[in-house]
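# Observations on the model geometry
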Amino acid sequence: MSKNKPISRILLTGGSGMVGRNILEYSSLMPYYEIFSPNSKELNLLNKTDVYQYINKTKPDIIVHAAGKVGGIQANMADPVNFLLENLNMGQNVILGAKENNVKKFLNLSSSCVYPRNAVNPLQENLILKGELEPTNEGYALAKIFSTKLCEYISKEDPSFLYKTVIPCNLYGKHDKFSPNNSHMLPAVIRKIDAAKRKGIKKVDIWGDGNSRREFMYAEDLADFIFYALKKLESMPQNLNVGLGVDYSINEYYETVAKIIGYEGEFFHDLSKPVGMKQKVVDVNRLNEFGWKPSFLLSEGIKRTYQYFKENYND
Ligand SMILES: NC(=O)c1ccc[n+]([C@@H]2O[C@H](COP(=O)([O-])OP(=O)(O)OC[C@H]3O[C@@H](n4cnc5c(N)ncnc54)[C@H](OP(=O)(O)O)[C@@H]3O)[C@@H](O)[C@H]2O)c1
Ligand SMILES: C[C@@H]1O[C@H](OP(=O)(O)OP(=O)(O)OC[C@H]2O[C@@H](n3cnc4c(=O)[nH]c(N)nc43)[C@H](O)[C@@H]2O)[C@@H](O)[C@H](O)[C@@H]1O
């Protein structure tokens, strides 16, 4: 490590979550950062006073906001009030707490669910607020749009505040949530097919007709992007999609996971289950111009996630 490069102090929120833990693990390769990340027991981001005092005391150079109330389609449908309020209040407290304490660099994590449900794919960053949202995660999306806009307004008011928003596609990887009541599709498929193989279950259910399409990026790739962006925050666009720019049908995800796990059973479609947006693949033109590309192929990412699942879950 070069002696004369200053260390930047990063406050990472959500450090115990999937994205946060991938960022912390990846940071070991980044010698120029000192990262601290209180969990929700040490710092409840819903408590405005505590958030302001914590930032004032720790004086970070940068804040990466990766905390949130996060879940798949079924979790969002079950609790829209809290998906809206908790994400909105956490976003307000952390972003305004940063501003009030003169923190000049801020990376805000949004999500591709902010885009209109019937927008033309691939989804471009200028489509935000240009149409009705997907009802299954509307509350969460409204909260994400609020934080995205708040960062935009702060940076516009005073360009010395580099408050930028990353809009990732769906993510998966180590430290994901695998429980059926709040997991996203890919971890749910891994858990279901692993169980079917181990227990000799002949048929596995696919929610919906399986024709919806999704883009899933390996969370370690997002961690790599975060550190790439921190080095070039000034030139990063205000709002930037981060993804593969490639999507697959739900049926294809089930087939790919079955092949990797070695499951030879059958599938049936449960049409009573919610399907959400028909498609949500992000446009990666701006991302490519910004000079970053993901490195993990879907099959490699699934293999590593399955390895993590086997080492940490045995239901
Ligand atoms: N997963 C995806 O597919 C995806 C896709 C696009 C964008 N994102 C975004 O990426 C970020 C992280 O997502 P994730 O998948 O890593 O979520 P996650 O695994 O559920 O982690 C959420 C994190 O937020 C923290 N948190 C929740 N409520 C809190 C509170 N009141 N005070 C302090 N911390 C609190 C949790 O801490 P505790 O564990 O202590 O509660 C946890 O560390 C979110 O902004 C999400 O919107 C995720
Ligand atoms: C990025 C995230 O996208 C999320 O939307 P979204 O992709 O539909 O959320 P997922 O739960 O990942 O569902 C993706 C798609 O997978 C189908 N699917 C098939 N089988 C399953 C299964 O066993 N479990 C699950 N969960 N889905 C399954 C589901 O019908 C839907 O079309 C938002 O709810 C979040 O807030 C966030 O924005």
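Above this note sits the structure.
In this text the structure is predicted, and so the values were computed from the model without any measurement.

## What to know about the packing of aromatic side chains
To describe a pair of aromatic rings, one takes the distance between the centres and the angle between the planes. Going through the model one piece at a time under the given rule, you end up with 21 aromatic pairs. A centroid spacing of 6.4 Å and a plane angle of 45° characterise the contact between F36 and Y54, whose relative ring orientation is tilted. Taken as a pair, F36 in strand β2 (residues 33-36) and Y54 in helix α2 (residues 48-58) lie far apart in primary sequence, 18 residues in all. For F36, a relative accessible area of 13% corresponds to the buried category. Classification of Y54 by relative accessible area gives buried; the value is 17%. Between Y306 and F309 the ring centres are 6.5 Å apart and the planes differ by 20°, which places this aromatic pair in the stacked class. Residue Y306 and its partner F309 are located together in helix α10 (residues 298-312), separated by three residues, close to a single helical turn. Overall, the relative accessible area of 10% leaves Y306 in the buried class. Exposure remark for F309: the relative accessible area of 1% places this residue in the buried category. Among the aromatic side chains, those forming a connected cluster through ring pairs are Y172, F216, Y218, Y248, Y253 and F296.

Cut-offs and rules
- Residues numbered from 1 in each chain as written.
- Chains lettered and ligands numbered in written order.
- Predicted model: local features only at pLDDT ≥ 70, side-chain atom pairs only at ≥ 80, totals over all residues.
- Heavy atoms only, no water.
- Phe/Tyr/Trp six-rings, centres within 6.5 Å; stacked < 30°, edge-to-face > 60°.
- Helix = DSSP H or I, 4+ residues; strand = E, 2+ residues; numbered from the N terminus.
- Buried < 20%, exposed > 50% of the residue type's maximum accessible area, 1.4 Å probe, protein only.

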